[in-house]
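The chain contents come next:
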Amino acid sequence: MSEYLVYLVEDEENLSEVLKAYLEKEGWNVLVFHDGDVARDAIGEKPHLWILDIMLPGTDGYQLLKAIKEETDTPVIFISARDQDLDRVLGLEMGSDDYLAKPFLPQELIIRTKKLLNRVYGVSTQEQKKIELNQYTIDPVGRTVVDEEAEGDSLVDLTTKEMDLILLLTGEVGKAFSREKIIEHVWGENYFGSERAVDDVVRRVRKKMPRVHLETLYGYGYRILSS
């Protein structure tokens, strides 16, 4: 999938035009917002990715990020020229998926965007195949899990990070993944926080998908077994 829809929220018009041009060179559709209030009204349109500046007229980046995560699981890249460490920590705590401090090279944003889109949506032929596991049907393209034993083939309600974890572990059934590797895949390389976040997501996945044999490897990480 290459025709991603990216919403860029940046009030510096010159910068936003430069970033828009770089993003569009990758074949992505880009819509630019210069005002936080206008961007907030577009949350329901559910683009594939938001790129948010923190300092905005109207609704600021923090408020906008909170509103996005309350309504959708859409990934978000936060950008800021303020207190870099504080903004990075606060942004990640509030649910942003990556962070860039100004000034940055446009190509750096492209690299981060590609990695995040590929991590969340997947691109390879192997990733596009549906996975059958213990009466669950996992669709990496549609990012859905269907419980075949539930009445009416019910969809399992998973968050973005729960889905990312399932796709990682079921992509190579039987392979052990360290907590560090899981964090890199699910939260990104810029994650700032405890590895216990992995255990929390695993616990929620086990509750929602009880027939999946999600094994703990104490002192290391997790793996999913075929039965």
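Residues numbered from 1 in each chain as written. Predicted model: local features only at pLDDT ≥ 70, side-chain atom pairs only at ≥ 80, totals over all residues. Heavy atoms only, no water.

Enquirer: Explanation requested: the pattern of salt bridges in the structure shown.
Expert: Two side chains that carry opposite charge are able to pair once their charged atoms sit near each other. Counted by the stated rule, this structure contains 19 salt bridges. Measuring nitrogen to oxygen at the nearest pair gives 3.2 Å for the salt bridge that ties D53 to K102. With D53 in strand 3 (residues 49-53) and K102 in the loop between strand 5 (98-101) and helix 5 (106-121), this residue pair connects regions lying 49 residues apart in the sequence. K102 shares its class with D53; the two are buried. For R119, the salt bridge identified is with D164, shortest N-O distance 3.7 Å. Residue R119 is located in helix 5, and its partner D164 is located in helix 7 (residues 160-171); the two are separated by 45 residues in the primary sequence. Taking relative accessible area as the criterion, R119 reaches 14% and is therefore assigned buried. The exposure class assigned to D164 is buried, which follows from its relative accessible area of 1%. Within this structure, E10, E12, D53 and K102 form a network of salt bridges that share partners. (Salt bridge = Lys/Arg side-chain N within 4 Å of Asp/Glu carboxyl O. Helix = DSSP H or I, 4+ residues; strand = E, 2+ residues; numbered from the N terminus. Buried < 20%, exposed > 50% of the residue type's maximum accessible area, 1.4 Å probe, protein only.)

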